[in-house]
Amino acid sequence: MKKITLLAAVIVVASFASCKKVYTCTCTYSSGGSSYSSTSSTGVKVKKKTAESWCTAQQSTGETCTLNS
């Protein structure tokens, strides 16, 4: 019975733990046959949803940005 209780407690704790990482955002821009890219990092551990919003905010007109973990 103690093993079941311990296992249940571990599952509950794991479900509340957030999966935070340091993400990078790579933006590319093509103009006149040339391609330019820049990479920036969140610098701190954040959730994926926050990183996606941040990466979208990094995007300038004509650029395509992708999020990397």
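Residues numbered from 1 in each chain as written. Predicted model: local features only at pLDDT ≥ 70, side-chain atom pairs only at ≥ 80, totals over all residues. Heavy atoms only, no water.

**Notes on the sheet that holds strand β3 (residues 63-68)**
If you walk across this open sheet you meet the three strands as β2-β1-β3, and the pairing is antiparallel. The open sheet has two edge strands with one neighbour each: β2 (34-41) and β3. Strand-to-strand twist in this sheet, taken as the mean axis angle between neighbours without regard to direction, amounts to 20°. As defined by bridge partners, strand β1 (residues 24-31) adjoins β2 across eight bridges and the pair is classed as antiparallel. The partner of Cys-27 across the bridge, within β2, is Ser-38. (Pairing = 2+ DSSP bridges. Helix = DSSP H or I, 4+ residues; strand = E, 2+ residues; numbered from the N terminus. Axes fitted to C-alpha atoms, helices over the stretch in contact; angles between N-to-C directions.)

**So, the state of the cysteines**
Taken as a whole, this structure holds two disulfides when the rule is applied. The side chain of Cys-25 participates in a disulfide bridge whose partner is Cys-55; the two sulfur atoms lie 2.0 Å from each other. What sets the handedness of the Cys-25 and Cys-55 disulfide is the S-S torsion sign, and at about 65° it is right-handed. Within this pair, whereas Cys-25 is found in strand β1, its partner Cys-55 is found in helix α2 (residues 48-58), the two being separated by 30 residues in sequence. The two residues Cys-25 and Cys-55 agree in class, both being buried. With its sulfur 2.0 Å from that of its partner, Cys-27 forms a disulfide with Cys-65. An S-S torsion of about 105° defines the bridge between Cys-27 and Cys-65 as right-handed. (Disulfide = S-S within 2.5 Å. Buried < 20%, exposed > 50% of the residue type's maximum accessible area, 1.4 Å probe, protein only.)

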